[in-house]
Every structure is written in structure tokens, then in C-alpha cells.
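# Commentary on secondary and tertiary structure
Chain by chain, the residues:
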Amino acid sequence: MRSQADVTGANCLPRDRESEVLRAANIVHRINAQLTLNVAEFCAKPGEFVAVLGPNGAGKTTLMNILAGGLKPRHGSVSLAGKNLRDLPAPELAARRAVVRASSDGLATGLTAREVIELASLSQRISPRLLQTLTVAYARALDLEARLGADFTVLSSGEKQRVHFARALLQANGREPGFLLLLDEPFAHLDAKHAQAVTRELMQLRENGAAIICILHDINYAASYADRVVFMKRAGVVAELPAKEIMNRSLLEQIYETPFAIMRQGKKTYAIPTN
Amino acid sequence: MFGHPRSFKIYLLAALAAAAFLLALSVGAARDFSLPSLFGPQGFDRDILLDIRLPRVLFAFFAGAGLALTGVIMQCLFRNPLAEPFLMGTSAGAMLFAIIAIFAAGRLGIHFHAGLSGLGPALFSFIGATLAFSVVLHLGRSTGGQVQFVLLAGIAINAIASSASGVFIFMANDRELRDITFWNLGSYGAATYPAVALAAVVTIAAAVVAVVMHRRLDALLLGDLVAFDLGVKVKQDRRLLFIVVVICQGALVSLTGMIAFIALVAPHLARMAVGATHRALLPASILIGAAISLLADTFARKLAAPAEIPLGVLTGIMGAPFFLYMLIRHKKRSEA
Amino acid sequence: MKKAVLCLLLTGAAFATEKKRIVSVGAIASELVCEIGACGDIVATDVTSVYPPELLKKPKVGYVTRLSAEGILALRPTHMVVIDGAGPATVLDQLKQSGVKIVKVPVGIGLGDAAKRLEILGEFAGNAPAAKKLSQKMRADVAQLSHQKKSKRPPKVLFIYARGAQTLLAMGANTTAHELIELAGAANAFDAEGAKPVNAEAIAASQADIVLIPEGSLAGLGGAEALQKIPGFAQTPAGKKRRLVTLEDSLLAGMGPRTAAAARTLRNKIAEAMQK
């Protein structure tokens, strides 16, 4: 269970190795001729929602691919629940973490939305009946129930994203404590209603003890829902704060290189880019 | 979900394949049998049935099943409905070596059929198939292993093998030209019991691998990244699947020559019938491929008796219109 | 000539009393089976057996190297006469196992193979001694011809075979046509191996004194006038002097008992043409 006291200012606590979900250390990876990713440490604890923000091209997706285990960094190591990723083959990784990527490949798969969601069963030993029940439940929560029988390729990008999200939720089902969910701009194609539905599920996951690392562009969303925010710029971590401290105009203007206005509306604070 | 309607369809397809099998067994150039007379034949009938027709029909079954299977796997590996084993260079390699064997027999007097239960020429052809495929795979891997590079490597090897074949064709005399043409059109004429055993072994082995991996095949449809996220050992599994395809398809094409369309069309028909998840798609494709193969071969043996129409002609006649229909439907879908 | 073969072999036919059902595979095999008088016993042939014309009416079992076991067995043959290279080998094995007697006939164009063919078929017809005599006579005839002195400058003969209107083939060394030309005392104007497609330049370069063409090809091309119009032809002495000699189509299948006589006829025809 998450509580206010658990959130700290430092990225990784040295002695918390057992309760950590994710620990990455000394990550160095060449992205292209100009950029080399350099992250000294990155951690996530159970029940923690870490938002990763930053301008385009900051290396956020590359970092996420490394944390997901799909990309091997030049230097450094990543551990999931104490086990080095190098020692975890794909099936075991899938049992401990789920990934929802930014864009769908748009392939001519022929699978239905339901069948895509049910692919979570590759890493889940559950009965076909339970699989079916959970699929419908998650689909309903994400307003996908009517589209379950549709061919995945004809879905809108928002629907595809929700399908993948449902699939990730299914992967996490039954083992939320210590499970890691990695999301790359999950709200990119979602309207307000569906973004709320996804947020509800994320909050539920967090409540059940999962760790969430989410790449976002919406500063205000991060401030409202995340526990901790990591700012990346030019392939490195430039700031790392508790979520409620990010509404700092000079910090934001420095990171995004564009003017901001900070406004208060009752109890809520908003950061809005201005001209 | 794999509920009642889908299982029922698979049983229906199995019945269809069984019916095609019995039809193929009953009909032929020598005589047509009625169903009861298939059991307990005597004398000449027995010779025809057991020595000639049964191995032929068994071979047609396994060849059709095997080709359809390799088609399904290829369409999964390339995530493309138009993929078929030909893309990997196996057919071009097999053809080139088959042509070399034809030349060696005629001009150098090197005959392969003397040993190896008559499978000599086929095994030589198979060497060509695996050689071409290994080059394709190696080229593809050295450029990153992504699907499009493997595809390009396949195109390149096909072109090279075709040109080399072209040189031989230029030098060929009448008889050699005919032999090469017939190879290109395909036939089950080589169906002796040893050939049946070989076809059965490679097809069953491929089927076992594919069926065991069926969930992972589903995951691979979503792309390598997502498949990895879901827990598929992408590199190893793709490699295993490629090997399975080359062994199965390489062996079959070495024995039969080029048989058009079964590998392409059977998976599509199966997909239309039972959907894209491999749990249903695999058995459906195998059964449909076997049925098409048996029917086409029956026509091949009967229509021009006592001569035989090359099988590829018939699978082409049966497959091409369907292929056109698929293209049109695909076009309409993408416009909608 | 043919009558001689028939008579010689049929004298022994009394010994071959079993009613044969023969499937013959290969042009030369079919022709020879007919030559020994067993044409009526042929129940089917392959697609290349087009001579004598009565074979065209017989059912076809496919191409020489692509035979169908069941198709052949359906005809219940007792014997098969096949040329070397007929197949697939597995089909022949299956047929052998079913009790069909298979007789193999060599296909070479040379004298040795021709003689072997005669002997094999003689045995098949049940009259080996007669066949042996015939083949010996053939060898002697041909030997006599080869030993005839060749003139210092033998006329250059270009042999053209037309396969369809588009493709013209010229016969070089190692073809029946070449052997015939040599036996007739002339020289082959086409300097190459085997049958090769020719274009206008090649024809002109041959500078042939005479063009030799099978009757069937000439008819297919549209007669002597059509031949004159072929590019390259007009640039040769043969074209300029209109020296055209024809030959019976069937003489091209390979050497046989008729070869020596044909060579003599050819020699005369060539001499006649050279008068122009």
C-alpha cells in the first residue's frame, strides 16, 4: 500500500533493494551520432507512479525500452525485483512487467481485439474461462466491450491503445504487488472520457502495489496523479522531484525552453505554456 | 474464444479432407473404384491400389498439408498475407539444383536415382534449397535480422538462382527443356513409399513444432517488440520457425517441383473460415491444404489419362482466381 | 528397303506367338517397333512418337521422362519399348514390378547405337539372327559410303530445321543430319555442336552452297519461296543460285537401315543441285 511517507526526493534508496521493483544503474547507451543516453540511476518502488517528462528527443522512449528489457544498454544494468534483466528470458520478464508502447505497428494481423487482449495469457497461467471473464471485464472498464469482436487492424488508434492497455492489465492481473507497468504516452490518442477510464485503472493498480513508470507530455496530469516526476532532457536526467513540487516556473522554462504561466484554481495548480 | 462454432468448423474440414482422400483413392487412370471395393482388393486391383495409388494419395495428403503449414508460418513470420516459402529462396535453390541434376544425368551420365530409394535427385535438390535459404538467412541476419532485409535477401537470392538457371536453360537441349518445364509445373509422380515417409516426417515434425508454439505465433503477429513484451523469445523462436519452414518446404519442393498456390491460398481460406489465432488456423490450414492437394492431384491424374497433367497447372487454375478475389477484397477493405 | 526389314523379321515372327500389348516410349523406339511390323500391337505411345502417322491416333502416356505408372498400367501392357532416359526411374520400377517387360533402346545417332537398336528389336521380335544380319548389312553399307573418296572441295550443306515459324535451327556436329551430310560426301556448312538456333548473320556467314531442309519444315515455312525470303539466306551461294534440297522427315530420327540409301539419294540430289 502506498503512503505519503514512502515518497522520497532521491531517485534510489541505497538500502531498499528488496522492496524495489525496478533498479537501473549507470545506464549508458548511444542513441545516435549526437546523443548518448546517460542515466546514473533510476528506481521505482511498489505502489509508486513515476512520470517521465521532457522535451521531444530526450531519450525517454529509449530509456523505457532499456528498462523493459527489449534493448540492451552498452553499459549498466537493470534489475527487476532483484533479478538482473540479463538473467531473465522473455517469458519471465513478461510475468513481472508489462509494456504499452506509443504506437501500434498497424499490421495486417487478422486477430480480433479480444484475441489481442487474450495474448496476455502467454505469461499468465489461467483457465480459459477466467481469461474470458477478465477480458470482458477490462474491456468494459475501458469502453471496448462493443469492439471485442472487431478485427484489430480496423480499430481507431485510440481503441488500439486501449486494447493494448487492457492486455497489459491482464498481464498484471493477480500479481499486482511488485508488478511493473511501463507506459509510453498512453494518452496520446485518447479523449477525455477514455483517458479518465485509463487513469482509474492506473490508480487501482497503484493501490494494489504495482509500480508504474509512465512517459507523459501532460505536465498537469503528472502533477495530479504521479508520485514522482523525472525530467529528462538531451538523453539525461535533469531533474527529479516529488510530483507536487514540479509547478516551478523557472524549472519548467529551463527544461522546455518556452515560457510558462503558473495558475492557481482553488486547491489545484496548473502550468500552462504561454507566448 | 475457441467455442463451439470453431471446433465444429474444424471437424467439418477434417471430414472434407477425409472425403477428398477417399475420392483420390477411388479415382484414377487405371480404373475407378466404388467405396466398398476399396477394401480387400484382389490381384490387379490390389497392385494398383497398394503399390501405386495409396502412396500417391498419402503423398498428396502430406505434401498439401506441409505446404499449407509452411505458408501459415511464413505469413506469421513476415506478418504479411502474401508471404509464402518461395520468398526465402528455397524454391529457386531447389530448381537450380534440380536443373543441375537434369544436366548431370544427361551429359555426364551421373544418375542419382540408383541409390537412396530413388530419392537421390530430390536430396540433391534439397541441398540447393537449404543452401539458398542459408544464404538468405545469413544475409538477412547480417543486416539486422528485420523482416524487410530478409525479404530483400530472398529476392536477391531468387534472382541469382533464376539467372543461373537461365544459363542452363539456354544451353539445354529439347529433352532437358521439357524436364525443366515439367519441374516448374510440379507433379506428385515421385510418390513412392520412401518419398511418402520423407514427406510425412517433415510435415509432422513441422506441425508439431508449430502447434506447440501456437500462442507464440499469435504474439509474433503483433510485431517483434510487442511479442517480446508478451514474453516470446523472439530471436530464438523466429530462427526455429525459419528452420522448420526450410526443411519442410525444401524437402517437399525437392520431391514435387514447384506447386503453385497451395502455400498461399490454404492459410487464407482457413483464416476466412476459422479466424487468425493459430490454435484454429493451423489445423484448418493443414486440412484445407491437404484437401486442395488431393483434389488437384485427382484431376491431374484423371483428366488426361493415360497421361498426367502437371499438378502446378491445376493448383494454378484453382488458386489464381481465388488469389485475384483476395486482392480485390483486400483493396476494397483498405479503401473503406 | 522397309519391306526388306519386315520380311527378314517376320520370318521369325512365327516364333513370337504371344499376343503383345506394347507401350512404346521415344520417337525412335516407336518407329522401330513399327518397322518390325508390330505397329498394330502398340496400345499407346509417348507424345514425341509422331512417326509413322498412324501412331498419332494412339493414346498418349505423357512425355518420355514424365510417364505415369497408373496411366500405363491401365492399358495392361505386356511389354514396353523405351529409349534410354525414359522415366521417372521409380515409375519404370513400379511397372517392372507389376510384370511389364521393359526393353531399353539406345538413342545415340551414331552407327553403333543404330546397330544395337536393330539387334535389340530383333530379339524382341523373336528373330535375333535376322536382325543381326540386317545390322551387319547396315554397317557394311555405311562403311562403304564412308570410305568413298571425298572431292577436294566438297559442297557446303547447311541443314535447317524449322520449329514453328519463329525458330530456325541449324544442325552442327553430333546430329543425324551431320552424319547424313558427311555420308553423302558433302561438308556441314554449320560450324557448331548440336542443334542451335540461327539468325540471319549466322546463315549468311555459313556461305552454304546448298540448303538441306526436311519436307515437313519446308511445308511449315510456306514452301521454297518463303525460304528465299528468310534473312541471310539471300547472301549465300545457296540462296543466290536457289539450291534447295529436301529430305524425308523420318530420316532424321537416327541412323537406321535406310540411312545408307538415303545418303546415296542425297549425294545425287546434291550433285544435281550443284549444276545450277
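Residues numbered from 1 in each chain as written. Chains lettered and ligands numbered in written order. Predicted model: local features only at pLDDT ≥ 70, side-chain atom pairs only at ≥ 80, totals over all residues.

## Digging into the overall build of chain A
Of regular secondary structure, chain A possesses 8 helices and 12 strands. Its C-alpha atoms give chain A a radius of gyration of 19 Å, within 12% of the compact-globule value 19 Å for 275 residues. Principal-axis analysis of the C-alpha atoms gives chain A an extent of 50 × 45 × 40 Å. Residues classed as buried in chain A amount to 46% of the 275 residues present. (Helix = DSSP H or I, 4+ residues; strand = E, 2+ residues; numbered from the N terminus. Rg over C-alpha atoms; globule rule 2.2 N^0.38 Å. Buried ≥ 20, exposed ≤ 12 C-beta atoms within 10 Å, placed from the backbone.)

## Digging into the overall build of chain B
Per the secondary structure count, chain B includes 13 helices and 0 strands. Along the chain direction, N to C, the helices and strands of chain B fall in the order α-α-α-α-α-α-α-α-α-α-α-α-α. Relative to the globule expectation of 20 Å for 336 residues, the C-alpha radius of gyration of chain B, 20 Å, shows essentially globular dimensions. Reported as C-alpha extents along the three principal axes, the dimensions of chain B are approximately 60 × 50 × 35 Å. Scored against the burial criterion, the 336 residues of chain B give a buried share of 53%. For chain B, the proportion of contacts with a sequence separation of at least 24, taken over those separated by at least 6, is 79%. (Contact = placed C-beta atoms within 7 Å.)

## Some thoughts on the nonpolar core
Judged by nonpolar contacts, the single largest core of 285 residues is most densely connected at L181(A), I212(A), L158(C) and F159(C). Per element, the largest residue contribution to this core is 19 residues, and it comes from helix α2 (residues 43-77) of chain B. Beyond its immediate stretch of four places on either side in the chain, F159(C) contacts A170(C), M171(C), A177(C), I181(C), F190(C) and L212(C). (Core = buried A, V, L, I, M, F, W, Y, C linked by C-beta atoms within 7 Å.)

## Section: helix α3 (residues 90-108) of chain B
Along an α-helix, residues three or four positions apart point the same way, because every turn accommodates 3.6 residues. With 19 residues, α3(B) extends 26 Å from end C-alpha to end C-alpha; this agrees with the ideal 27 Å at 1.5 Å per step. Where α3(B) ends, the next residue or the one after it, G109(B), has phi of about 70°, a positive value. (Expected span 1.5 Å × (residues − 1).)

## A closer look at the interface of chain B and chain C
Opposite the 25 residues of chain B that make contact, chain C presents 25 residues. At the level of elements, α2 and α6 (174-185) of chain B are the ones that each hand at least two residues to the side of chain B that touches chain C. Here the side of chain B that touches chain C takes 5 residues from α2(B), the largest share from any one element. Residues that form the side of chain B that touches chain C fall into these classes: 9 nonpolar, 7 polar and 9 charged. (Nonpolar A, V, L, I, M, F, W, Y, C, P; charged D, E, K, R; others polar.)

## Let's talk about the interface of chain A and chain B
If you look at the interface, chain A gives 23 residues, while chain B gives 20 residues. Residue assignment for the side of chain A that touches chain B shows that the elements contributing at least two residues are α2 (90-94), β6 (97-100), α3 (113-118) and α4 (128-141) of chain A. A per-class count over the side of chain A that touches chain B returns 15 nonpolar, 5 polar and 3 charged.

## Observations regarding the sheet that holds strand β2 (residues 42-45) of chain C
Across a sheet, strands are paired by hydrogen bonds formed along the backbone, either parallel or antiparallel in direction. Residues and elements named next belong to chain C. Taken together, the 4 strands give an open sheet; going across it, the order is β2-β1-β5-β6, and neighbouring strands pair in parallel fashion. Both outer strands of the open sheet, β2 and β6 (101-105), are each paired with one neighbouring strand and no more. Averaged over all neighbouring strand pairs, the angle between strand axes comes to 20°, with direction disregarded. (Pairing = 2+ DSSP bridges. Axes fitted to C-alpha atoms, helices over the stretch in contact; angles between N-to-C directions.)

## Considering the environment of A24(B)
Residue and element names in this part refer to chain B. Mapped onto the secondary structure, A24 falls in helix α1 (residues 4-26). With 37 residues separating them in the primary sequence, A24 and F61 have C-alpha atoms 9.8 Å apart. In this structure, A24 is in contact with V57, A60, L294, D297 and T298, ignoring residues within four places of it in sequence.

## Comments concerning the packing of helix α11 (residues 262-274) of chain B against helix α12 (residues 278-302) of chain B
All names here are of chain B. Running from N to C, α11 and α12 cross one another at 130°; their axes reach a closest spacing of 8 Å. The orientation of α11 relative to α12 falls into the category oblique. At the point where α11 passes α12, the crossing takes the right-handed sense. Contacts between α11 and α12 involve I262, A266, P267, L269, A270, R271, A273 and V274 from the former and A280, L281, A284, S285, I288, G289, I292 and S293 from the latter. Within the contact of α11 with α12, the residues separate by chemical class into 12 nonpolar, 3 polar and 1 charged. (Parallel < 35°, antiparallel > 145°, perpendicular 65-115°, else oblique. Left-handed = near helix turned anticlockwise from the far one by under 90°.)

## Describing the confidence of the model for chain A
When the pLDDT values of chain A are averaged, the result is 89; 92% of them are 70 or greater. Below a pLDDT of 50 lies the segment residues 1-10 of chain A, which in the model reaches 10 contacts outside its immediate sequence neighbourhood of four places, other chains included. (pLDDT = per-residue confidence, 0-100.)

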